[in-house]
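Spelled out from the first residue to the last, the chains are:
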Number of protein chains: 2
Amino acid sequence: MKINDDKKFIELDHGGGGYKSWELVKEIRQILKFKGQWQNCEDDAAIYDLGKGKLVFTTDAFIVDPIFFPGGDIGKIAMCGTINDLSVMGARPIGISLSIVMEEGFLKKDFLQIIKSINKVSRQSGVPVVTGDTKVTGKGKIDKIAVTTAGVGLARKIISNNGVKAGDFIIASGDLGVHTIALLSKRFNYRTKIRSDSKPLNKELAEVGEYLNAAKDPTRGGLAANLVEMAEKAKVKIILEEKLLPYKKETVALTELLGIDIFSLASEGRFIASVSKKNTKLVLNILKKYNKEAKIIGRAEKMDSRLRGNDKNEHENNKKNYIYLKTNLGTLRPIEMPKGKLIPRIC
Amino acid sequence: MKINDDKKFIELDHGGGGYKSWELVKEIRQILKFKGQWQNCEDDAAIYDLGKGKLVFTTDAFIVDPIFFPGGDIGKIAMCGTINDLSVMGARPIGISLSIVMEEGFLKKDFLQIIKSINKVSRQSGVPVVTGDTKVTGKGKIDKIAVTTAGVGLARKIISNNGVKAGDFIIASGDLGVHTIALLSKRFNYRTKIRSDSKPLNKELAEVGEYLNAAKDPTRGGLAANLVEMAEKAKVKIILEEKLLPYKKETVALTELLGIDIFSLASEGRFIASVSKKNTKLVLNILKKYNKEAKIIGRAEKMDSRLRGNDKNEHENNKKNYIYLKTNLGTLRPIEMPKGKLIPRIC
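Rules and cut-offs
Residues numbered from 1 in each chain as written. Chains lettered and ligands numbered in written order. Predicted model: local features only at pLDDT ≥ 70, side-chain atom pairs only at ≥ 80, totals over all residues. Heavy atoms only, no water. Helix = DSSP H or I, 4+ residues; strand = E, 2+ residues; numbered from the N terminus. Rg over C-alpha atoms; globule rule 2.2 N^0.38 Å. Buried < 20%, exposed > 50% of the residue type's maximum accessible area, 1.4 Å probe, protein only. Contact = heavy atoms within 4.5 Å. Areas by Shrake-Rupley, 256 points an atom, 1.4 Å probe, with all protein chains shown as cover. Lys, Arg positive; Asp, Glu negative; His and termini not counted. Charge placed at Lys NZ, Arg CZ, Asp CG, Glu CD. Least-squares fit on C-alpha atoms with pLDDT ≥ 70 in both. Domains from an automatic or database assignment. Buried area = accessible area lost by both parts, 1.4 Å probe. Salt bridge = Lys/Arg side-chain N within 4 Å of Asp/Glu carboxyl O. Polar contact = N/O pair within 3.5 Å; in protein donor to acceptor, adjacent residues only side chain to side chain. Pairing = 2+ DSSP bridges. Axes fitted to C-alpha atoms, helices over the stretch in contact; angles between N-to-C directions. Phe/Tyr/Trp six-rings, centres within 6.5 Å; stacked < 30°, edge-to-face > 60°. Lys NZ or Arg CZ within 6 Å of the ring centre and 35° of its normal. Left-handed = near helix turned anticlockwise from the far one by under 90°. Nonpolar A, V, L, I, M, F, W, Y, C, P; charged D, E, K, R; others polar.

Chemist: Hey, could you go over the overall build of chain A for me, with residue numbers and the actual values?
Modeler: The secondary structure content of chain A amounts to nine helices and 14 strands. Relative to a compact globule of 347 residues, whose C-alpha radius of gyration would be 20 Å, chain A shows 20 Å and is just as compact. If you line up chain A on its principal axes, its C-alpha atoms span 60 × 50 × 45 Å. Across the 347 residues that make up chain A, the buried fraction comes to 64%. Look at the contacts in chain A between residues 6 or more apart in sequence, and 80% of them connect residues 24 or more apart. Within the structure as shown, chain A displays about 14,000 Å² of accessible surface, and the carbon and sulfur contribution to it stands at 49%. Taking the average place of the 59 positive charges on the side chains of chain A and the average place of its 41 negative ones, the gap between the two points comes to 4 Å.

Set out below in structure tokens:
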């Protein structure tokens, strides 16, 4: 079977969070065009106008290897992923649905440990699991367990991912990428003190949400994919400062060792945001109560006029030009949306 | 590995929709007790009071073999399952989330056919798919594809599954069980004209909802599991009439051939309801516009007083006593909640 024929077969990269994922999602959207009264169906979550406030709705599927890793497990990241997708939209998450598919012979104690871990996030965040479904499939018909969460939230004001304004500071709510590093360390039996950064962000985002022009949680695809999406939607250029990059030394060392693009590392308990100059200090002061590593990592600038058109093949032609890294030597290096190939799937 | 040790390992029956599923769900609920402001988390969907009306939220995971079968595919039943869970609660489904996990090498054309089938149900029912997630796992790490849908709906008045009243008629919105029969026929290469009954029920339930005392869609676990749940919650006895049973001749013949309990067959486009004597004719007249087979199948009666207590082991001790079949000979035969073992998983 010619498995690398992406016209005929689904490939791993179609789920990698990079360019190929983006292409497949585009194909799905072309079929499922009908959206009724919903808006923003291309963001992390969809929005429905309730008259008094908005209903926000999102979902995530999790298949992760290993299912238990330093700092978390598949249950914890499923909860955090969905709570955070709602929170970065400016919504207060009010309820989670939990669907589990597992194989016959899965250890009952592992299953219960995952449920307990889900409960811990639920209590910590104040977001209950209110409905669910559990299916069991034959031995070998699934790799242990898949966990899918969906979530609903209520919002007064939506934080979009397209609101970046030229002149804004780009901030990170903490150091990035350690979720991927924790997972890979476990997978390769590499000894490190790094633990997954997975955590629910609803409380910190409830405090700072009103001051953010745009926000996103850099999960699949990491900083690169998420900043490219934000910059492209807002038609701005984002310049990151190498000396301000929010990565731990160990993260940098391990990505170099493994040959992984550091900008594609995922976090499951961090967000990036675009904030006006005026509000940046206030926002960072609040965020530092939750994580001392919260900081400015770059700024947004006007896009060169030649790139502001509505080129149909924007992604293909111009993607190099949305995000730049200003290196310590003062040069500008473009950062691309990950192609998929190099990103180990970690959620 | 001693796989039939249900204290240590997850078994197929834990997802079968019968008694063992019920036990596992009970264990999950004991951990995930915190429900915030949500109610009815033990019904097909959970309810959140929005002040003006209620938000209803549900989820279903689908792994089905074969993924394409006479009258539908995994995408169609995922959509119908979630739309119907909201509809039987008296909610107007407003949006669906779609999560897909598939294996590397899955045929792109099969994938797109599933998405098109989802779109067809979406258009037919008027319920849009508004958010989603797509993950790809390594070859052999999942049996082709798993589809998980969650759904949100809005309701003014909830139809509970515990509202059966002694004196009510029990009705079925059409003949039952053909979804299971269609699937099994395909699995065993048995030639039949039967096609899955899967269809969205939101329109018919919007018309009759206000006249129903209780409703449920008899999917996993079939008529038996669903009636036992309804009767047990309402502390009533339900007597089904053998001569009124809503099964096609071919369904009866095939279940006898395969040795399957006919009362455990699932439908994906039918509901059963409890209706006051006064409203029954009106309801059936409306339902017959959608399906000529809609009819009375039995009635609810007062439970014997000795069974009305709150015995902790109700399920275990008294389950035989909730549902009876009045045979054509005039005898009463108890119908039990399926144990799981004999129910082929069909969703």
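Chemist: Which residues make up the relation of the copies chain A and chain B, and what values do they have?
Modeler: Rotating chain A by 180° about the axis while translating it 0.0 Å along that axis superimposes it on chain B, leaving an RMSD of 0.0 Å. Taken together, the rotation and translation describe the operation of a two-fold axis. The rotation axis passes nearest to the C-alpha of A:Ile142 in chain A, at a distance of 2.1 Å. A share of 100% of the interface residues of chain A reappears at the interface of chain B, consistent with the copies meeting face to face through the same patch.

Chemist: Please provide a residue-by-residue account of the domain arrangement of chain A, values included.
Modeler: For an interface, size is often stated in terms of accessible area lost upon the parts coming together. Residue and element names in this part refer to chain A. By the assigned domains, chain A splits into domain 1 (43–155) and domain 2 (169–335). On a C-alpha basis, the centroid separation for the pair domain 1 and domain 2 is 24 Å. Between domain 1 and domain 2, the contact holds 23 residues from the first and 22 residues from the second. For the pair domain 1 and domain 2, the summed buried surface comes to about 1,800 Å²; carbon and sulfur atoms form 58% of the total. Between the two partners, domain 1 and domain 2, sit zero salt bridges.

Chemist: I'd love a proper account of the interface of chain A and chain B, names of residues and values included.
Modeler: Between chain A and chain B, the residue contacts involve 85 residues of the former and 85 residues of the latter. Where chain A abuts chain B, roughly 7,100 Å² becomes buried across the two surfaces, and 67% of that area is made up of carbon and sulfur atoms. Its largest share of buried area at the contact with chain B, chain A owes to A:Ile10, A:Phe34 and A:Lys108, together 10% of the area lost on that side. The interface formed by chain A and chain B includes eight salt bridges. A salt bridge links A:Arg220 to B:Asp133; the shortest N-O distance between them is 2.7 Å. In this structure, the connection of chain A to chain B is made through 24 residue pairs in polar contact (both at pLDDT 80 or more). Broken down by secondary-structure element, the contributors of at least two residues to the side of chain A that touches chain B are helix 1 (19–31), strand 1 (46–49), strand 2 (54–62), strand 5 (92–103), helix 3 (108–125), strand 6 (129–137) and strand 7 (145–155) of chain A.

Chemist: Just give me the short version of the sheet that holds strand 1 (residues 46–49) of chain B, but keep the residues and values in it.
Modeler: All names here are of chain B. An order of 1-2-7-5-6 is seen for the five strands of this open sheet, with the pairing classed as mixed. Each edge of the open sheet is held by one strand with a lone partner, namely strand 1 and strand 6 (129–137). Along the sheet, successive strands turn relative to each other by an average axial angle of 15°, direction set aside. Sheet strands touched by helix 3 (residues 108–125): strand 5 (92–103), strand 6 and strand 7 (145–155). Its angle to strand 5, the strand with the most contacts, is close to 175°.

Chemist: Run through the packing of aromatic side chains, naming residues and quoting values.
Modeler: Per the counting criterion, the structure on display carries nine aromatic pairs over all chains. Judged by centre distance (6.0 Å) and plane angle (45°), the rings of A:Trp38 and A:Phe57 are tilted. You can see A:Trp38 sitting in the loop between helix 1 and strand 1 and its partner A:Phe57 sitting in strand 2, a full 19 residues away along the chain. For A:Trp38, a relative accessible area of 5% corresponds to the buried category. Of the residues examined, A:Phe57 reaches a relative accessible area of 0% and is grouped as buried. Between A:Phe57 and B:Phe57 the ring centres are 6.2 Å apart and the planes differ by 85°, which places this aromatic pair in the edge-to-face class. One end of the pair, A:Phe57, is in strand 2; the other, B:Phe57, is in strand 2 (residues 54–62), on a second chain. A single burial state applies to A:Phe57 and to B:Phe57, both of which are buried. Through a chain of ring-to-ring contacts, the aromatic side chains of A:Trp38, A:Tyr48, A:Phe57, B:Trp38, B:Tyr48 and B:Phe57 assemble into a single cluster. We note A:Lys135 situated over the ring of B:Phe62; from NZ or CZ to the ring centre the distance is 4.8 Å.

Chemist: I'd like to hear about the pairing of strand 1 of chain A, residue by residue, with values.
Modeler: Residue and element names in this part refer to chain A. With four bridges joining them, strand 1 and strand 2 adopt antiparallel strand pairing. Its bridge partner being in strand 2, tyrosine 48 is matched across the sheet by leucine 55. Following strand 1, the chain reverses through four residues before pairing antiparallel with strand 2; glycine 51 in that reversal takes a positive phi of roughly 90°.

Chemist: Summarise the packing of helix 2 (residues 74–87) of chain B against helix 3 of chain B; cite the residues concerned and give the values.
Modeler: Residues and elements named next belong to chain B. Contact geometry for helix 2 and helix 3: axes closest at 7 Å, N-to-C directions at 35°. With respect to the hand of their crossing, helix 2 and helix 3 are arranged in right-handed fashion. Between helix 2 and helix 3, the contacting residues are Ile74, Gly75, Lys76, Met79, Cys80 and Ile83 on the first element and Ile114, Ser117, Ile118, Val121, Ser122 and Ser125 on the second. Here the contact of helix 2 with helix 3 is composed, by residue class, of seven nonpolar, four polar and one charged.

Chemist: Which residues make up unusual backbone geometry, and what are the values?
Modeler: In this model, A:Asp65 is joined to A:Pro66 through a cis peptide bond whose omega is 0°. Here A:Pro66 is to be found in the loop between strand 2 and strand 3 (68–69). The backbone of A:Asn189 shows a phi angle near 55°, a positive value even though the residue is not glycine. With respect to the helices, strands and loops of the structure, A:Asn189 is situated in the loop between helix 4 (178–187) and helix 5 (202–208). We classify A:Asn189 as exposed; its relative accessible area is 73%. Located in the positive-phi region is B:Lys235, a residue other than glycine, with phi close to 55°. Take B:Lys235: it is sitting in the loop between helix 6 (222–234) and strand 10 (236–241). Accessibility expressed as a relative area gives 22% for B:Lys235, which makes it partly exposed.

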